[in-house]
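Structure at a glance
Here's the letter readout for the chains.
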Amino acid sequence: MALYVQKFGGTSVGSVERIKAVAEKVKGFRDDGHQVVVVVSAMSGETNRLIGMANEINDEPTPREMDMLVSTGEQVTISLLALALHKLGVPATSYTGSQVGILTDSAHTKARIQRIETDEMREDLDEGKVVVVAGFQGVDEEGNITTLGRGGSDTTGVALAAALGADECQIYTDVDGVYTTDPRVCSKAQRLDSITVEEMLELASLGSKVLQIRSVEFAGKYNVPLRVLSSFQDGPGTLIVAESDQDEDSMEEPLISGIAFTANEAKLTLLNTPDVPGVASRILGPIADANIEVDMIVQNVAPAGDYTDFTFTVAKGDYKKTLKILEEQVIPDLGGGEVNGDDNIAKVSLVGVGMRSHAGVASKMFRVLADENINIRMVSTSEIKISVVIDEKQMELAVRALHTAFGLDKSDIESE
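A brief look at the structure comes next. Remember, it's a predicted structure, so these values are computed and weren't measured experimentally.

1. A closer look at the side chain of Thr 238
Relative to the helices and strands, Thr 238 is located in strand β12 (residues 238-241). Assessed through its relative accessible area of 0%, Thr 238 is described here as buried. A polar contact is formed between the side chain of Thr 238 and the backbone nitrogen of Val 178, at a distance of 2.9 Å. Apart from the residues lying within four places of it in its own chain, the contact partners of Thr 238 are Asp 176, Gly 177, Val 178, Arg 191, Leu 192, Asp 193, Ser 194, Ile 195, Leu 226, Arg 227 and Val 228.

Written as structure tokens, this is what we have:
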């Protein structure tokens, strides 16, 4: 007998029929003798509907009341799923985040879990019940309802699995696992049997939307086996594990496990910048003060006493705001210079733990892109990742070319 925490997203519970199908799936696990905790999101589109109504009433809603409002979406789903399980003869009890004892800090709309009370859940499980928990929410020390941010149901699922010592946390979604890249862009993309937490963290941070990054961080921190599965078809999915937990037969991992990409970036270059100590802080300080995150940074080397160029990227939605800060605050502070920018760029990234023990990945990547006449604007590397900035219109061509060049098209591919 195993203990599974199963999380079903909004698409998986998007209608009464789909909720019934989830109940059938959960019943199957219980009939096999397993204990099951189910975490569910609001029905697809419900959270957006609630936010839309709030904005119609008040275009600057207070965070506390927004948490009170949007948390109701999951409450509907847990009660409907419990009723569906009862109809199938399965004893089940539904709980909101506050009822089940998910205690968070008081940062409304982006709260972080501090601890979870498990006694009541364990009692229900020992009595043979299925425990149905509302994802995405908790309660602070003052008794206020809090939410964990969009996509927070994944984090709820992993956190419950960690607290309960579950054998596996299963994330059911509308895809049947983690792929080498987005199949909508590259038809030859392959589902991975397994991938390391490190690789999944990189892919999630670089644009892959299969899992919320906080849930992957949680899984890595508490060593929770995490599996991505489809709600709509059977299959083994993709298992996300610590690198140390990989099979011995899988130690000769492929060079690259996945290719991530995003067009949600913009590039800005400050020309004729004084090449003196502290200039980077004077450029990026006002941007940080505006809560704008900077991604890639390149500063050209200049002869002593000369001027140089300083280039960095931000999210595309922050482009105009950043441009204004540079023109109105940074350039006057530096005493000159000019700025140019481009919000028609894309970032393409290779990810794989195999990079640690193999040289030549970057040179091969650059050669493949050159063969396709794709110009590289910026480069950033880490131990298991190489990212390049290119023209947005060439993004899909780059992904497909790299996918083929690094052997990811093979039908017998495994993430080893």
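2. Here we look at a nonpolar patch on the surface
On the surface, a cluster of nonpolar side chains totalling about 240 Å² of accessible area is made up of Val 76, Leu 80 and Leu 83. Along the chain, Leu 80 turns up in helix α4 (residues 72-87).

3. Some details on a negative patch on the surface
Taken together, the side chains of Asp 119, Glu 120, Glu 123 and Asp 126 present a region of like negative charge at the surface. As for its position among the elements, Glu 120 is in helix α6 (residues 119-126). Taking relative accessible area as the criterion, Glu 120 reaches 43% and is therefore assigned partly exposed.

4. So, the sheet that holds strand β9 (residues 168-173)
Within a sheet, neighbouring strands are paired by backbone hydrogen bonds and run either parallel or antiparallel to one another. Here we have 8 strands laid out as an open sheet, ordered β3-β6-β2-β1-β9-β11-β12-β10, and mixed in their pairing. Every interior strand has two partners, whereas the edge strands, β3 (92-95) and β10 (194-196), have only one. For this sheet, the mean inter-axis angle between neighbouring strands, taken without regard to orientation, is 20°. With 5 bridges connecting them, β9 and strand β11 (residues 226-230) associate as parallel partners. In the strand pairing of β11, Tyr 172 is matched with Leu 229. Helix-sheet contacts for α6 involve β1 (3-8), β2 (35-40), β3 and β6 (130-134), and the interaxial angle to β2 is about 130°.

5. A few points about the packing of helix α7 (residues 152-164) against helix α9 (residues 213-222)
Look at α7 against α9: their axes get within 8 Å of each other, and the N-to-C directions meet at 15°. Taken together, the axis directions place α7 and α9 in an arrangement best described as roughly parallel. Our pair here, α7 against α9, has a crossing hand that is left-handed. Counted together, Asp 154, Thr 155, Val 158, Ala 159 and Ala 162 of α7 and Arg 214, Ser 215, Phe 218, Ala 219 and Tyr 222 of α9 form the full contact between these two elements. Class assignment of the residues belonging to the contact of α7 with α9 gives a composition of 6 nonpolar, 2 polar and 2 charged.

6. Topic: the environment of Lys 209
Residue position: Lys 209 is located in the loop between α8 (197-205) and α9. Taking the C-alpha atoms as reference points, Lys 209 and Asp 182, separated by 27 residues in sequence, lie 9.6 Å from one another.

7. A closer look at helix α12 (residues 361-371)
Among the residues of α12, Val 361, Met 365, Val 368 and Leu 369 are the ones counted as buried. Down the axis of α12, the buried set is contained in an arc of 95°. They therefore lie on one face. Opposite its buried face, α12 presents the exposed residues Ala 370 and Asp 371, each directed more than 90 degrees away. Elements that come into contact with the buried residues of α12 comprise β16 (338-351), β18 (385-391) and α13 (395-405).

Rules and cut-offs
- Residues numbered from 1 in each chain as written.
- Predicted model: local features only at pLDDT ≥ 70, side-chain atom pairs only at ≥ 80, totals over all residues.
- Heavy atoms only, no water.
- Helix = DSSP H or I, 4+ residues; strand = E, 2+ residues; numbered from the N terminus.
- Buried < 20%, exposed > 50% of the residue type's maximum accessible area, 1.4 Å probe, protein only.
- Polar contact = N/O pair within 3.5 Å; in protein donor to acceptor, adjacent residues only side chain to side chain.
- Contact = heavy atoms within 4.5 Å.
- Patch = residues over 30% accessible without salt bridge, like charges linked within 9 Å, V, L, I, M, F, W, Y side chains within 5 Å.
- Areas by Shrake-Rupley, 256 points an atom, 1.4 Å probe, with all protein chains shown as cover.
- Salt bridge = Lys/Arg side-chain N within 4 Å of Asp/Glu carboxyl O.
- Lys, Arg positive; Asp, Glu negative; His and termini not counted.
- Charge placed at Lys NZ, Arg CZ, Asp CG, Glu CD.
- Pairing = 2+ DSSP bridges.
- Axes fitted to C-alpha atoms, helices over the stretch in contact; angles between N-to-C directions.
- Parallel < 35°, antiparallel > 145°, perpendicular 65-115°, else oblique.
- Left-handed = near helix turned anticlockwise from the far one by under 90°.
- Nonpolar A, V, L, I, M, F, W, Y, C, P; charged D, E, K, R; others polar.
- Arc of directions from axis to C-beta.

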